[in-house]
Amino acid sequence: MTVYIGLVHYPIYNRNMEVVTTSLTNYDLHDIARTARTYGMVKYFIIQPNEAQAKLAQAVIDYWQTGYGSEYHKDRKEAFSILQQVATIEDAIQQIQEREGQRPFVVTTDARTYPNTISYQLLRNKLATNDQPYLLLFGTGWGIEKETMAKFDFILAPIYGAVDYNHLPVRAAAAIILDRLLGEIWWK
């Protein structure tokens, strides 16, 4: 199984359901990188088209991959070894296609359901039995814009807790989702 992930900063809805580019969050880079490395992701793409934000992302990545941070904290260097900044979702897809020789299945997450929503169990089975690469996208803000969502192969079912509140930070959602899809089978 070959799985890549991407953190999408555009096209994203803000709280008013306007399409915007969200800002980079340092914790998302660090925490999702550590989770992605723990679950064996090939690459973690930071998808950020804003030039200033992209430069900031690259500076943080460089610090932990080749700067002082790479010597100071070897575990963080290893986690950051899979990070790469790209401008668009299509750039990430193209890089995977070039590396793997085929277009990946594109799967995303959302707190809403769509016609192509898929269960964790079904996607877990697909990951285990299909040789095609997968790109799992996580949206920031209030989620990825609807027209973009319609282009993806699958959308994972929302994560529900024990109450009706549903507003997880993306780094927590990423950890839960990667564990559901790729973690040990503890329930058997």
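Residues numbered from 1 in each chain as written. Predicted model: local features only at pLDDT ≥ 70, side-chain atom pairs only at ≥ 80, totals over all residues. Heavy atoms only, no water.

- The name an unreviewed UniProt entry assigns to the protein is tRNA (guanine-N(1)-)-methyltransferase C-terminal domain-containing protein, from the organism Propionispira arboris.

## Here's the deal with helix 8 (residues 170-182)
- Between its terminal C-alpha atoms helix 8 stretches 18 Å, which fits the 18 Å expected from 13 residues at 1.5 Å a residue.
- Considered for burial, the residues of helix 8 that qualify are Val170, Ala173, Ala174, Ile177, Leu178 and Leu181. The arc that holds every buried residue of helix 8, seen down its axis, measures 125°, which confines them to one face.
- Looking at the buried residues of helix 8, the elements they touch are strand 1 (3-8), helix 1 (26-38), strand 6 (105-109), helix 6 (120-129), strand 8 (134-139) and strand 9 (154-156). (Helix = DSSP H or I, 4+ residues; strand = E, 2+ residues; numbered from the N terminus. Expected span 1.5 Å × (residues − 1). Buried < 20%, exposed > 50% of the residue type's maximum accessible area, 1.4 Å probe, protein only. Arc of directions from axis to C-beta. Contact = heavy atoms within 4.5 Å.)

## So, the UniProt feature "domain: tRNA (guanine-N(1)-)-methyltransferase C-terminal" (unreviewed entry) in the protein
- UniProt feature "domain: tRNA (guanine-N(1)-)-methyltransferase C-terminal" (unreviewed entry): in the numbering of this structure it lies at residues 3-183.
- Regarding residues 3-183, the helix share stands at 44% and the strand share at 19%, and the terminal C-alpha atoms are separated by 13 Å. (UniProt positions renumbered as here; feature names shortened; annotations may be inferred.)

## Observations concerning helix 5 (residues 89-100)
- Its 12 residues place the ends of helix 5 16 Å apart at the C-alpha level, agreeing with the 16 Å of an ideal helix rising 1.5 Å per residue.
- Where helix 5 is buried, its residues meet strand 1, strand 4 (44-47), strand 5 (83-86), strand 6, strand 8 and helix 7 (146-149).
- Positive backbone phi, approximately 80°, marks Gly101, located one or two places after helix 5.

## So, the pattern of salt bridges
- On inspection of all chains with the given rule, the structure shows 9 salt bridges.
- The closest approach of N and O atoms between Glu90 and Arg103, which form a salt bridge, is 3.3 Å. Of this pair, Glu90 sits in helix 5 while Arg103 sits in the loop between helix 5 and strand 6, and the two are 13 residues apart along the sequence.
- The class of Glu90 is partly exposed, set by a relative accessible area of 43%.
- Classification of Arg103 by relative accessible area gives partly exposed; the value is 39%. (Salt bridge = Lys/Arg side-chain N within 4 Å of Asp/Glu carboxyl O.)

## Description of a nonpolar patch on the surface
- Taken together, the side chains of Tyr63, Tyr68 and Tyr72 make up a nonpolar region of the molecular surface, amounting to roughly 390 Å² of accessible area.
- Along the chain, Tyr72 turns up in helix 3 (residues 68-72).
- Taking the relative accessible area as the measure of exposure, Tyr72 reaches 58% and is therefore exposed. (Patch = residues over 30% accessible without salt bridge, like charges linked within 9 Å, V, L, I, M, F, W, Y side chains within 5 Å. Areas by Shrake-Rupley, 256 points an atom, 1.4 Å probe, with all protein chains shown as cover.)

## Let's talk about the pairing of strand 4
- Across the two faces of strand 4 the burial is the same, with Tyr44 and Ile46 and Phe45 and Ile47 all buried.
- Where strand 1 lies against strand 4, 4 bridges are found, and the strand directions are parallel. Counterpart to Ile5 in the pairing with strand 4 is Tyr44.
- Sheet topology places strand 4 next to strand 5; 4 bridges connect them, and they run parallel. Directly across from Tyr44, in strand 5, lies its bridge partner Leu83. (Pairing = 2+ DSSP bridges.)

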